[in-house]
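Coordinate inspection notes
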Amino acid sequence: YPGLHVLLPLDTPDKTCVDVLQRTSNEFASGKFQFGHGQVYSPYHLLWTCSSIYTSCVKKLGTRLVMVFTNVSEPHNIDTKTRQLATTKARDMSELGSTISIITLPTVDGSQFDMEKFYSALVPDHEVTNPTN
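These numbers come from a predicted model, not from an experiment.

About the cut-offs
Residues numbered from 1 in each chain as written. Predicted model: local features only at pLDDT ≥ 70, side-chain atom pairs only at ≥ 80, totals over all residues. Heavy atoms only, no water. Helix = DSSP H or I, 4+ residues; strand = E, 2+ residues; numbered from the N terminus. Patch = residues over 30% accessible without salt bridge, like charges linked within 9 Å, V, L, I, M, F, W, Y side chains within 5 Å. Areas by Shrake-Rupley, 256 points an atom, 1.4 Å probe, with all protein chains shown as cover. Salt bridge = Lys/Arg side-chain N within 4 Å of Asp/Glu carboxyl O. Buried < 20%, exposed > 50% of the residue type's maximum accessible area, 1.4 Å probe, protein only. Phe/Tyr/Trp six-rings, centres within 6.5 Å; stacked < 30°, edge-to-face > 60°. Contact = heavy atoms within 4.5 Å. Pairing = 2+ DSSP bridges. Axes fitted to C-alpha atoms, helices over the stretch in contact; angles between N-to-C directions. Parallel < 35°, antiparallel > 145°, perpendicular 65-115°, else oblique. Left-handed = near helix turned anticlockwise from the far one by under 90°.

Here's the deal with the environment of L122
Mapping L122 onto the fold places it in helix α4 (residues 119-122). Through-space distance from the C-alpha of L122 to that of R83 is 9.3 Å; in sequence the pair is 39 residues apart.

Below, the structure written as structure tokens:
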């Protein structure tokens, strides 16, 4: 789907996975992190992709955590139908033991991130992290 990319497969980590995560962490810390950056983003497709990855995993998973890094309070091009699909998928995932966590990033215009515009419906318990605080 446009705007989505799976960084690593859901598998037992090896040296390559650790190296990729370390490089990504360093890029994030230096402000050069551009992974997943773009104008097209569908929360429903994100959750559907994560759900598919979890259900196709043959290994028993101890934790099913979806971490959404975003600086956009209301995703681009989201209509009422897509909003409802994303909300339903989030609820389904929660019932199956998945946790969705929103990690807010600084907005381009410096405004405060507003959970109520969209994400509060996906994360009723407001599992939100703001790494800038």
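Here the narrative resumes, following the displayed structure.
Some remarks on a nonpolar patch on the surface
On the surface, F28, L65, M67 and F69 cluster together to form a nonpolar patch covering roughly 380 Å² of accessible area. By residue number, the principal contributor to the nonpolar patch is strand β1 (residues 64-70), which donates 3 residues. Relative to the assigned elements, L65 resides in strand β1. Judged by its relative accessible area of 38%, L65 falls in the partly exposed class.

Considering the packing of aromatic side chains
Under the counting rule described, the total for this entry stands at 2 aromatic pairs. Centroid distance F118 to Y119: 5.0 Å. Interplanar angle 80 degrees. Geometry classified as edge-to-face. Look at F118 and you get buried, because its relative accessible area is 1%. Three or more aromatic residues joined by ring pairs make a cluster, and in this case those are F113, F118 and Y119.

Some thoughts on the environment of C50
Residue position: C50 is located in helix α2 (residues 43-56). Taking the C-alpha atoms as reference, C50 lies 7.2 Å from V66; in sequence the two are 16 residues apart. Those residues in contact with C50, other than ones at most four positions away along the chain, are V66 and M93.

Here's the deal with the pairing of strand β2 (residues 98-104)
Most of β2 is tucked away, with 6 of its 7 residues classed as buried. Bridging between β1 and β2 involves 7 bridges; their strand directions are parallel. Among the inter-strand pairings, R64 is bridged to a residue of β2, identified as S98.

Topic: the pattern of salt bridges
Once their charged atoms are close, side chains differing in charge can pair, the charge on each being opposite to the other. Per the counting criterion, the structure on display carries 2 salt bridges. Across the pair K15 and D19 runs a salt bridge, and its minimum N-O distance is 2.9 Å. With K15 and D19 both in helix α1 (residues 15-30) and 4 residues apart, the pair spans about one turn of that helix. You can call D19 partly exposed: its relative accessible area is 35%. In this structure, R83 and E74 form a salt bridge, with 2.7 Å as the shortest nitrogen-oxygen distance. For R83, a relative accessible area of 24% corresponds to the partly exposed category.

Looking at the packing of α2 against helix α3 (residues 80-95)
Relative to each other, α2 and α3 sit at 30 degrees, their axes nearing to 8 Å. When the axis of α2 is compared with that of α3, the two are roughly parallel. In the packing of α2 onto α3, the handedness of the crossing is left-handed. Here P43, Y44, L47, W48, C50, S51 and Y54 of α2 come into contact with α3, specifically with T82, L85, A86, K89, A90 and M93.

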